[in-house]
Amino acid sequence: MKFKTKGFTSILLSMLFTVVAVSGVVLYVAPRGRTANWTGWTMLGLDKHTWGSLHINVCLFFVVGVGLHLVFNWKVLWSYVKKRSAGMNLKLEMITAMLLTVLVTAGTIMHAPILTATANWNEWIKDYWEGRSESGPAPHAEEFTVSQFATRIGLSVDEVETALSDEGIVVTSRDSTIADLAEQNNMVPKQIFSTLQMHYPEIADSIGNEPSTGQGQGMGQGQGMGQGRGMGQGRGMGQGMGQGQGTGQGRGMGQGRGMGQGQGAGQGRGMGQGRELNEPSAP
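Predicted model only: the values in this text are computed from it and were never measured.

Parameters and conventions
- Residues numbered from 1 in each chain as written.
- Predicted model: local features only at pLDDT ≥ 70, side-chain atom pairs only at ≥ 80, totals over all residues.
- Heavy atoms only, no water.
- UniProt positions renumbered as here; feature names shortened; annotations may be inferred.
- Helix = DSSP H or I, 4+ residues; strand = E, 2+ residues; numbered from the N terminus.
- Buried < 20%, exposed > 50% of the residue type's maximum accessible area, 1.4 Å probe, protein only.
- Arc of directions from axis to C-beta.
- Contact = heavy atoms within 4.5 Å.
- Salt bridge = Lys/Arg side-chain N within 4 Å of Asp/Glu carboxyl O.
- Axes fitted to C-alpha atoms, helices over the stretch in contact; angles between N-to-C directions.
- Parallel < 35°, antiparallel > 145°, perpendicular 65-115°, else oblique.
- Nonpolar A, V, L, I, M, F, W, Y, C, P; charged D, E, K, R; others polar.
- Polar contact = N/O pair within 3.5 Å; in protein donor to acceptor, adjacent residues only side chain to side chain.
- Core = buried A, V, L, I, M, F, W, Y, C linked by side-chain atoms within 4.5 Å.

S.K.: Describe the UniProt feature "transmembrane region" (unreviewed entry) in the chain, with residues and values.
M.R.: When the UniProt feature table is mapped onto this chain numbering, "transmembrane region" (unreviewed entry) sits at residues 12-30, 50-72 and 92-112. End-to-end, the C-alpha atoms of residues 50-72 are 33 Å apart, and along that stretch the chain is 100% helix and 0% strand.

Right under this line is the structure:
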């Protein structure tokens, strides 16, 4: 039996078109990658990454099939333009098709309102998914290594490993990503985070916040006594000045870390107070 290339191409294009259409619709209604990957979203048993790969590969074959179809039917297509075929002259139809293609392409590039509606609907659908799902501690947190993830949520790597181990989750390497760790334990990244929250409920507050750098500011007050003339230093936040007829050393209690200096001149004895402010108090 002779293999009919033209017939094969037509059947192949029909099948590829079906898969392209289905995968395109699924990707249109799918959540954003950060939400889909974090929550383990699937459609018909396939995750978003698989749907994306399927769509790309099938589209490539579809483009090749269309190219072959044009090559095999080029004479027929050209005859539509050059002369009458089946009692119709398709020159007008050809021009109309070209104009429609140009209008859709140019209108989309220029953000014509009627053509941006599809993009707006797509954003609305993705926002809907995010409203229904819990966010991770950072966008694409599933791509963090275990060490990076621990830093992001304010825990040590040992604390993370111990908490996960207590729940039967094996951490093979601190350099493994959260996505890999979840896959190795038949879980999704969100479940890894939920497990840690069981042991450390306070890490829920880290969602949406930047990791701490260990630096901060605080305020405190200190008092001291001094005699004679001299220079003194006070510990605390801000600067302090001695009041009276002398300057001395004073220590203050407060939160935060910093160094402040206070100075004055005079004779006799005096009392001095220092406030932990950015400006010295008036003498």
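S.K.: Give me the lowdown on helix 10 (residues 189-199), citing residues and values where you can.
M.R.: Looking only at helix 10, the buried set comprises P189, I192, F193, T195 and L196. With its buried residues spanning 155° around the axis, helix 10 presents them on a single face. Where helix 10 is buried, its residues contact helix 2 (33-39), helix 7 (146-152), helix 8 (157-166) and helix 9 (178-184).

S.K.: So, the pattern of salt bridges: which residues are in play, and what are the values?
M.R.: Summed over the entire model, instances satisfying the criterion amount to 6 salt bridges. The closest approach of N and O atoms between R34 and E130, which form a salt bridge, is 3.0 Å. Note that R34 is positioned in helix 2 and E130 in helix 6 (residues 113-132), a separation of 96 residues in sequence. Where R174 meets D158, a salt bridge forms, and the shortest distance between an N and an O atom there is 2.5 Å. Highlighted residues: R174 in the loop between helix 8 and helix 9 and D158 in helix 8, separated in sequence by 16 residues. Through salt bridges with shared partners, a single ionic network connects R32, R34, E123, D127 and E130.

S.K.: Any chance you could break down the packing of helix 8 against helix 10 for me, citing the residues and the numbers?
M.R.: It is at 9 Å that the axes of helix 8 and helix 10 come closest, and there the two elements cross at 100°. When the interaxial angle is binned, helix 8 and helix 10 end up roughly perpendicular. Contacts between helix 8 and helix 10 involve V160, A163, L164 and D166 on the former and, on the latter, I192, T195, L196 and H199. When grouped by side-chain class, the residues that make up the contact of helix 8 with helix 10 number 5 nonpolar, 2 polar and 1 charged.

S.K.: Give a detailed account of the environment of V146, specifying residues and quantitative values.
M.R.: Locating V146 in the fold gives a position in helix 7. With a relative accessible area of 1%, V146 lands in the buried category. The spacing of V146 and A179 is 33 residues in sequence and 9.8 Å in space, taken between C-alpha atoms. Those residues in contact with V146 that sit more than four places away from it in its chain are V157, V160, V171, S173, R174, S176, I178 and L181.

S.K.: Can you tell me about the side chain of T195, naming the residues and giving the values?
M.R.: Looking at the secondary structure, you find T195 in helix 10. At 2.8 Å, the side chain of T195 and the backbone oxygen of Q191 are in polar contact. Apart from the residues within four sequence positions on either side, T195 is in contact with L164, E167, I169 and M187.

S.K.: Help me get a handle on the nonpolar core, residues and values and all.
M.R.: In terms of nonpolar packing, the biggest core is built from 21 residues, with F149, I153, V160, L164 and L196 touching the most fellow members. Of all the elements in the fold, those that place two or more residues in this core are helix 7, helix 8, helix 9 and helix 10. Looking at which element gives the most residues to this core, the answer is helix 8, with 4 residues. Judged by nonpolar contacts, the second largest core, of 5 residues, contains A30, A36, W41 and W51.

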